[in-house]
Amino acid sequence: NPSSTLQPQSSINLKTIVQRSRNGSSKVNHKSEYFTFVTMKLSANIAACLLASISGCIAFTPASLSVPRSSRLFVEPATKPIIIGAGVGGLSAALALKAAGLEPVVLEQRSSERLFGGAGINCQALAIDAMNTLGVSTSTLEEAGQVIKKQSYYTTDGRHVCTLNKKGHGSTPGQIGLHRGRLVKVLLDECRARDIEVLMNHHVSTIDLDSSPDTIIVKSSIVANRVPSVIEGTMLVGADGLNSNIRKHYVTGNKNKDPQTYHGTTHYRGVCESFPTFLDGRTMVLSGGLEGVKAVVYPIGPDRKGLQTINWVLAVKEDEINEDRKTHADHIVKLLHANKVHLDFLDLESLITSTPQIQAWPMVDLDPLDTWTDDRIALLGDAAHGMLPVGSGGAMAALFDSLALKDAVEKSGDSPTRTILRTYEQMRYKEASLHQGSCRVQPAETIVQEVMDKFPLSTDEVPAEYEEKIRAIMSAVHNPKAFDPQEGVISADESDDDY
């Protein structure tokens, strides 16, 4: 599914995952290239009637005839950016471009049900600020999830290492935990409230850059009934996730079009509703370091009579994902016991076995690309700089991308589209690449691992200096603009090396 980020995988050898994606399991269909676009010069109704009457020909029905509420697709192409993908990046880009005076349209091949899937996600304070700028209020986000007031780190055997106070600034909380689907729905509702067209179940077959020097022509069809449509614009934003087809097929300036790196870890994830509240009901817990098993647990819903919706992740170093989803819970529980994972205040085994659906993601990110843009096309979010899920950095970076794109449009004057998109890339490329590097470093987990290596016994006390170390480094991670990579962070010139 090219419009998603990290998709759940099962029954797969992890070492083949990246290669499989590079072999093009979902390549763009170019068979429809020979159709002409003369009909686009006619009125929509006349064109549809003429094409339908020609025996043996396939009519590309204008989207206004095939999809409800689509008359806005026929605004001037010069004011209509086309966005591929309706995740956090695509929808936030639509809101940003609308605020800049344009009339974006979003194409998403998934259904709403699939779009709202996934598990938990965190909005850090800067991400909340970005959402506010896009018109989504803090209160709306709070109602969709749960304010997180503390973030606590523990060794695998449950010894406390550090607690961060997530106090935020002003009236903005430091962190809100919520279901990814609820975050996407908040953005989708805001788009629709602003009259932004978001077309679900639309599969993009061809992007035509050659028929007109000023217009991009996108052919798509509704997945359920294959009703085709044609949409014109002068800018295309590829927000179609880590496995982006836009990056692979239409951004030509990258030596490696799919520089995915697998990091030898599987994330088993789940959401458990109505689970007993732990600690104060507003704390995110991280137990473990870089080796073995790491548990991440936090609430994504309010405390209702001692019960909450809890999101959990178990990061496991392994060469293969458990083959049978039905046995995920048993597999994970065995790992907990083997690694002696224990928290006095939280029954992890009960949390896992009470979760109705457990999914597994291989931990894959991108090396920095040579470029995010190609003429009138730009990449955004995971398609441009897919990163490991540390502090929900991918969603935060996509929000920052959208605001930068808005600024580039507003400051462009009469500049051509390609200049606007290059300006956007220049505004974000270095910062996003360093953010990718900070997520790879996993600095807090590195410090916890040092504690476990130097003080391995469960009776050993953890020196207070480690708490200060984590506080210092995580303040930078949660504020990517201030991150100092020092040594070991990737650069575009080191795209073949993992560190």
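Residues numbered from 1 in each chain as written. Predicted model: local features only at pLDDT ≥ 70, side-chain atom pairs only at ≥ 80, totals over all residues. Heavy atoms only, no water.

Chemist: Teacher, can you tell me more about the overall build of the protein chain here?
Modeler: Scanning the protein chain from N- to C-terminus turns up 16 helices and 19 strands. Long-range contacts, defined here as pairs at least 24 residues apart, represent 73% of the contacts in the protein chain between residues at least 6 apart. When the accessible surface of the protein chain is totalled, it reaches about 20,900 Å², and 49% of it is carbon and sulfur. (Helix = DSSP H or I, 4+ residues; strand = E, 2+ residues; numbered from the N terminus. Contact = heavy atoms within 4.5 Å. Areas by Shrake-Rupley, 256 points an atom, 1.4 Å probe, with all protein chains shown as cover.)

Chemist: Would you mind going over the sheet that holds strand β13 (residues 260-276) with me for this structure?
Modeler: Two strands in a sheet stick together by hydrogen bonds in their backbones, pointing the same way (parallel) or opposite ways (antiparallel). Ordered in space as β6-β5-β14-β15-β16-β13-β17, the seven strands form an open sheet in which the pairing is mixed. If you trace the sheet from one side to the other, it starts and ends with β6 (160-165) and β17 (358-366), each paired once. Across the sheet, the axes of successive neighbouring strands diverge by a mean angle of 20 degrees, strand direction being ignored. Where strand β15 (residues 293-299) meets strand β16 (residues 307-317), seven bridges bridge the pair, whose relative direction is antiparallel. Residue pairing across strands places V297 opposite W312, the latter belonging to β16. (Pairing = 2+ DSSP bridges. Axes fitted to C-alpha atoms, helices over the stretch in contact; angles between N-to-C directions.)

Chemist: Looking at this structure, how should I read the pairing of strand β11 (residues 228-233)?
Modeler: In regular strands, side chains alternate between the two faces of the sheet. Within β11, six of the six residues are buried, which leaves it mostly tucked inside the rest of the structure. Side chains P228, V230 and E232 project from β11 onto one buried face, and the interleaved S229, I231 and G233 project onto a second face that is buried too. Across six bridges, strand β10 (residues 216-222) lies against β11 in antiparallel orientation. Of the residues in β11, the one forming a bridge with V218 is I231. (Buried < 20%, exposed > 50% of the residue type's maximum accessible area, 1.4 Å probe, protein only.)

Chemist: Just to check I follow, could you spell out the pattern of salt bridges for this structure?
Modeler: A pair can form between side chains of opposite charge whenever their charged atoms are brought close. This model, assessed by the stated rule, comprises 20 salt bridges. Put simply, K294 and E445 hold a salt bridge, and the shortest N to O gap is 2.9 Å. With K294 in strand β15 and E445 in helix α15 (residues 443-454), this pair connects stretches of sequence that are 151 residues apart. Both residues of the pair, K294 and E445, count as buried. With a shortest N-O distance of 2.7 Å, R428 and D401 are connected by a salt bridge. Of this pair, R428 sits in helix α14 (residues 417-441) while D401 sits in helix α13 (residues 393-410), placing them 27 residues apart in sequence. Here R428 matches D401 in class, with each residue buried. One network of salt bridges, in which partners are shared, links D365, D367 and R440. (Salt bridge = Lys/Arg side-chain N within 4 Å of Asp/Glu carboxyl O.)

Chemist: Could you clarify how one ought to interpret the sheet that holds β11 in this entry?
Modeler: Here we have three strands laid out as an open sheet, ordered β9-β10-β11, and antiparallel in their pairing. Every other strand in the sheet has two partners, leaving β9 (202-208) and β11 as the edge strands with one partner each. Between one strand axis and the next, the sheet turns by 25 degrees as a mean value, whatever way the strands run.

Chemist: Please explain the packing of aromatic side chains as it appears in this structure.
Modeler: Remark: the centre distance and the inter-plane angle together describe each pair of aromatic rings, the angle taken between the planes. Tallying each qualifying case throughout the model produces five aromatic pairs. Centroid distance Y154 to F345: 5.2 Å. Interplanar angle 50 degrees. Geometry classified as tilted. Note that Y154 is positioned in strand β5 (residues 150-154) and F345 in the loop between α10 (328-338) and α11 (348-353), a separation of 191 residues in sequence. On the basis of relative accessibility, which here comes to 26%, the residue F345 falls in the partly exposed class. Arranged with centres 5.8 Å apart and planes meeting at 50 degrees, the rings of W372 and Y429 form a pair that is tilted. In this pair, W372 sits in the loop between β17 and β18 (373-374) while Y429 sits in helix α14, placing the two residues 57 residues apart along the sequence. Neither residue differs from the other here; W372 and Y429 are each classed as buried. In this structure an aromatic cluster arises from ring pairing among Y154, F278 and F345. One cation-aromatic arrangement involves R269 over W361; the distance from NZ or CZ to the ring centre is 5.8 Å. (Phe/Tyr/Trp six-rings, centres within 6.5 Å; stacked < 30°, edge-to-face > 60°. Lys NZ or Arg CZ within 6 Å of the ring centre and 35° of its normal.)

Chemist: Just to check I follow, could you spell out the environment of S112 for this structure?
Modeler: Following the sequence through the fold, S112 ends up in helix α5 (residues 112-115). Separated by 73 residues in sequence, S112 and K185 have C-alpha atoms that sit 9.1 Å apart.

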